[in-house]
Amino acid sequence: MPKGGGWSPRSGIGGRTGPATGYGLQQFVVRQDAGGWRADVRETACRALRRSELDEALGAAGLSRVRWLVAEESGHDQPIVIARKP
């Protein structure tokens with residue numbers, strides 16, 4: 001992660017190589033308590049799966065009848081995946 005935090009594209013997250021496949025995320029939680037202000041920082045690495053990668057993982061886990069709902073069908077901003085366990 002770059003000094004000072006913020007968004008950082010990364011290559012190779014999860015053992016993958018090639019173009020940036022994820023990013024580092026820092027979450028700052030600032031709160032006031034009896035002793036004054038306090039800040040906690042948490043860091044993690046994130047990576048979004050491509051639809052084909054998730055389809056493959058669902059199949060490998062034994063799920064079937066995979067169906068994707070787009071925003072117009074679900075009312076949510078992000079796609080939703082539905083799969084069934086036989």
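Residues numbered from 1 in each chain as written. Predicted model: local features only at pLDDT ≥ 70, side-chain atom pairs only at ≥ 80, totals over all residues. Heavy atoms only, no water.

As for the overall build of the protein
Heads up, the rule is: Comment: elements are numbered from the N terminus, with helices defined as DSSP H or I runs of at least four residues and strands as E runs of at least two. Three exposure classes are used, based on accessible area relative to the maximum for each residue type with a 1.4 Å probe and protein chains only: buried under 20%, partly exposed in between, and exposed over 50%. Residue contacts are counted whenever heavy atoms from the two residues lie within 4.5 Å of one another.
Across its full length, the protein holds 2 helices and 5 strands. Its helices and strands in sequence order give the protein the pattern β-β-β-α-β-α-β, from N to C terminus. The buried share of the protein, taken over its 86 residues, is 14%. In the protein, the proportion of contacts linking residues at least 24 apart, taken out of those at least 6 apart, comes to 17%.

What about the packing of aromatic side chains?
Any pair of aromatic rings gets described here by the distance separating the centres and the angle formed by the planes. So the rule is basically this: Here the aromatic set is Phe, Tyr and Trp, taking the six-membered ring for Trp, and pairing holds for ring centres within 6.5 Å; pairs whose planes are under 30 degrees apart are stacked, those over 60 apart are edge-to-face, and all others are tilted. Placement of a positive charge over a ring is assigned whenever Lys NZ or Arg CZ falls within 6 Å of the ring centre and within 35 degrees of the normal to the ring plane.
Overall, the coordinates contain 0 aromatic pairs when judged by the stated rule. The ring centre of Trp68 lies 4.3 Å from the NZ or CZ of Arg51, which sits over that ring.

Let's talk about the environment of Arg42
Mapped onto the elements of the fold, Arg42 is located in strand S3 (residues 36–46). On the basis of relative accessibility, which here comes to 48%, the residue Arg42 falls in the partly exposed class. The spacing of Arg42 and Val29 is 13 residues in sequence and 8.4 Å in space, taken between C-alpha atoms.

A short note on the pattern of salt bridges
Opposite charge on two side chains makes pairing possible when the charged atoms of those side chains draw close. Quick note on the threshold: A side-chain nitrogen of Lys or Arg and a carboxyl oxygen of Asp or Glu constitute a salt bridge if their distance falls within 4 Å.
All chains considered together, the criterion is met by 4 salt bridges. Linking Arg31 and Asp40 is a salt bridge whose minimum nitrogen-to-oxygen distance equals 3.0 Å. A relative accessible area of 35% places Arg31 in the partly exposed class. The residue Glu53 makes a salt bridge to Arg47 at a minimum N-O spacing of 3.5 Å. Since its relative accessible area comes to 25%, Arg47 is described here as partly exposed.

Describing the pairing of strand S2 (residues 22–33)
The line we're drawing: Strand pairing is assigned whenever DSSP detects at least two bridges linking the two strands.
The pairing of S2 with S3 spans 11 bridges and is antiparallel. For Phe28, the partnering residue across the bridge sits in S3 and is Val41. Adjacent in sequence and paired antiparallel, S2 and S3 are bridged by 2 residues.

Side note on the side chain of Glu53
Convention followed: Counting of polar contacts relies on pairs of N or O atoms within 3.5 Å, with two restrictions inside protein: one atom must be capable of donating a hydrogen and the other of accepting it, and residues adjacent in sequence are counted only when both atoms are side-chain atoms.
Inspection of the secondary structure assignment puts Glu53 in helix H1 (residues 51–60). Classification of Glu53 as buried rests on a relative accessible area of 16%. There is a polar contact of 2.7 Å between the side chain of Glu53 and the backbone nitrogen of Arg50.

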